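Descriptive analysis of the structure
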Amino acid sequence: MTRVALLGATGSIGRQALEVIAANPGLEVCALVSGVSPLDDAAAQHPAALTQMGGDPRPLLEASEPDVVLNAVVGFAGVPATLWALEHGVTLALANKESLVAAGELAVAALRRGGGALVPVDSEHSAIFQCLEGHAVEAVHSLVLTASGGPFRGRSREELAHATVAEALDHPTWSMGRKITVDSATLANKGLELIEAHWLFSLPYDRVEVVVHPDSIVHAFVRFRDGSALAHAGYPDMRVPISYALTYPERAATPVPPLELVGRTIAFEAPDLEAFPLLRLAREAGERGGTFPCAFNAADEIAVAAFLEERIAFLDVPAVVETALARVSGSPARDLDELQAADAEARRIAEGALR
Ligand SMILES: NC(=O)c1ccc[n+]([C@@H]2O[C@H](COP(=O)([O-])OP(=O)(O)OC[C@H]3O[C@@H](n4cnc5c(N)ncnc54)[C@H](OP(=O)(O)O)[C@@H]3O)[C@@H](O)[C@H]2O)c1
């Protein structure tokens, strides 16, 4: 039996994880965590699980003795659980990309000390993780993350000026939580993923490329030094990478059908960095290092929440993040307290930039 602590159990990933767990008799839920939503349904299905809404999840994680922590919390709030799992050598199935973006250096150090495994749930990173299996790092030339391009692919900056919340939430290929869906529309999500890939696979930013692939069938490529490239393909369905992370190194069955190829054409194009500057800003923040990625994430969280409340326009989202990045100190964080201070500073500046 693999004991799974599920954080973010009421969200899009959390609900799909519960489905995957229900279909796999080798998995059992030992802890359920949400932010503010009641956990009644999930708790009824898993009466032995410890439950908690909001607050510091670490005492609950200690008490529930998980083999795997599935971190599907949204945003910076996921950082303590990520660091806890890595520090304790407990396998971390990571959907909460924001924690690795914000706390990359601390997380890598905790992983090294804890000696456990970090298995990505983000579909692109799960794809790369799988393509890399059995290959030496020295053989890798570069990584390619694919992006659907979101609902506004092909639109110019001018056309995006009046983009509405409803349009931004209407993702063409993936069904996800509201924050990541807006991040997909601005391409901030791909920026977060770029930084996530840097930390997960220890490659410099100039060896991680992003291409737009509207069908979301090929999730990523790994290019090798001999000129070959391995791709990972499948339907856009998060149950596949969730199941992979929860059963790694096994590959359990899922209800997702085998990929049908006949009649399918797949295309790739370059991202439009003028219309979607958050991808460029994320790359710059990543390259600058320190707590600039943490500030990128914090400012983006503030700006996306304000956009969802219709307090700012779509194009204000990158503007707020750019302002915050220009004003923060970006100095490295030596521990969680310093990281939380950097996050708070960026949030304050971003809040100020909303007005
Ligand atoms: N959805 C996808 O397909 C997808 C794909 C790849 C990666 N991801 C990543 O997975 C994470 C979750 O995404 P999602 O789409 O599932 O988001 P979501 O639907 O908005 O769900 C977020 C979950 O986090 C919980 N939460 C929020 N604040 C919390 C806090 N302070 N403490 C504990 N729990 C808290 C929420 O609880 P409440 O319900 O109580 O608010 C909810 O269960 C994000 O980092 C996202 O980038 C998602």
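Per chain, the residues get numbers from 1 upward, laid out in the order the sequence is written. Whole-chain, interface and lining totals are the exception, using all residues; otherwise, since this is a predicted model, local features are given only for residues with pLDDT of at least 70 and side-chain atom pairs are given and counted only at 80 or more. Just so you know, side-chain values use all the structure's heavy atoms and leave hydrogens and water out.

1. Re the environment of E138
Each helix is a run of H or I in the DSSP string that is no shorter than four residues. Each strand is a run of E no shorter than two, and both are numbered from the N terminus. When you line up the elements, E138 lands in the loop between α7 (123-132) and β7 (140-147). Residue burial is assigned from relative accessible area. The probe radius is 1.4 Å, only protein chains are included, and a residue is buried under 20% of its type maximum, exposed over 50%, and partly exposed in between. Judged by its relative accessible area of 59%, E138 is exposed. It is 36 Å that separates the C-alpha atoms of E138 and K179, two residues lying 41 residues apart in sequence.

2. Here's the deal with the pattern of salt bridges
What makes a salt bridge here is a side-chain nitrogen of Lys or Arg within 4 Å of a carboxyl oxygen of Asp or Glu, nothing more. Scanning the model with the defined rule gives 20 salt bridges in all. A salt bridge links D183 to K179; its shortest N-O distance comes to 2.9 Å. Residue D183 and its partner K179 are located together in helix α10 (residues 178-186), separated by four residues, close to a single helical turn. Taken individually, D183 and K179 each receive the classification buried, so the pair is uniform in this respect. Residues D237 and R239 are paired through a salt bridge, measuring 2.8 Å at the closest nitrogen-oxygen approach.

3. Brief notes about the sheet that holds β7
DSSP-based pairing: two strands are paired if at least 2 bridges between them are found. The strand order across the open sheet formed by four strands is β8-β7-β9-β10, and the pairing between neighbours is mixed. With one partner strand each, in any of the chains shown, β8 (208-212) and β10 (229-233) form the two edges of the open sheet. In this sheet, neighbouring strand axes are inclined to one another by 20° on average, regardless of whether the strands run parallel or antiparallel. Here five bridges tie strand β9 (residues 218-224) to β10, and the two strands are oriented antiparallel to one another. Opposite A220, over in β10, you have H232 as the bridge partner. Here a residue-residue contact requires only that any non-hydrogen atoms of the pair lie within 4.5 Å. Between N-to-C directions, angles cover 0 to 180 degrees, with each direction set by a line fitted to C-alpha atoms, over the stretch in contact for helices. Taken strand by strand, helix α11 (residues 188-201) contacts β7 and β8, and its axis lies near 150° from that of β7.

4. What to know about unusual backbone geometry
Following Y248, the chain continues into P249 via a peptide bond in cis, with omega recorded as 5°. The residue E65 is not glycine, and still its phi comes out positive at about 50°. Here E65 is to be found in the loop between α3 (58-64) and β4 (68-71). At E310, a position not held by glycine, the phi torsion is positive, near 60°. In this structure, E310 sits in the loop between α14 (292-308) and α15 (316-327). Its relative accessible area of 62% is what places E310 among the exposed residues.

5. Considering the site of the ligand
Here a residue counts as near a molecule or strand whenever at least one of its heavy atoms sits within 4 Å of it. The environment of the ligand is formed by 24 residues, the closest being T10, V36, S37, E98 and G177. The separation between an oxygen atom of the ligand and a polar side-chain atom of T10 is 2.6 Å. Polar contact criterion, stated in full: a pair of N or O atoms within 3.5 Å, where within protein one must be able to donate a hydrogen and the other to accept it, and residues adjacent in sequence count only if both atoms are side-chain atoms. For the ligand, an oxygen atom lies 2.6 Å from a polar atom in the side chain of E98. When the ligand is considered free in solution it has 900 Å² of accessible area, and contact with the protein chains removes 83% of it. Contributing elements (two or more residues each) for the shell around the ligand: α1 (12-22), β2 (27-34) and α5 (97-102). Residues that form the shell around the ligand fall into these classes: twelve nonpolar, nine polar and three charged. Using a 1.4 Å probe, the Shrake-Rupley method yields the accessible areas, and only the shown protein chains count as cover for residues. In this classification, Asp, Glu, Lys and Arg are treated as charged, Ala, Val, Leu, Ile, Met, Phe, Trp, Tyr, Cys and Pro as nonpolar, and every other residue, Gly included, as polar.

6. Description of α15
Because the α-helix completes a turn every 3.6 residues, residues three or four places apart line up on one side. Multiplying 1.5 Å by the helix residue count minus one yields the expected span of that helix. If you check α15, its first and last C-alpha atoms are 17 Å apart, about what twelve residues at 1.5 Å a residue would give, namely 16 Å. Those residues of α15 that sit buried are V317, P318, V320, V321, A324 and L325. In a view along the axis of α15, the buried residues occupy a sector of 160°, so they form one face of it. The exposed set on the far side of α15, more than 90 degrees from its buried face, consists of A326 and R327. Elements that come into contact with the buried residues of α15 comprise α10, α13 (277-288), α14 and α16 (336-353). Think of the arc as the fan of directions from the helix axis to the C-beta atoms.

7. Looking at the packing of aromatic side chains
Planes of paired rings set the category: under 30 degrees apart is stacked, over 60 is edge-to-face and the rest tilted, where pairs are Phe, Tyr or Trp rings (Trp by its six-membered ring) whose centres lie within 6.5 Å. Following the criterion strictly, the structure yields six aromatic pairs and no others. Ring centres 6.4 Å apart and planes at 75° place the aromatic pair F129 and Y244 in the edge-to-face group. Of this pair, F129 sits in helix α7 while Y244 sits in helix α12 (residues 239-247), and the two are 115 residues apart along the sequence. With relative accessibility at 5%, the residue Y244 sits in the buried group. With a centroid separation of 5.7 Å and 70° between ring planes, the pair formed by F307 and F314 is classed as edge-to-face. A single burial state applies to F307 and to F314, both of which are buried. The structure contains a cluster of three or more aromatic residues connected by ring pairs, namely F129, Y244 and Y248. A cation over a ring is seen here: R288 above F292, with NZ or CZ 3.8 Å from the ring centre. In this analysis the charged atom, NZ for Lys or CZ for Arg, is taken to sit over a ring once it is within 6 Å of the ring centre and within 35 degrees of the ring normal.

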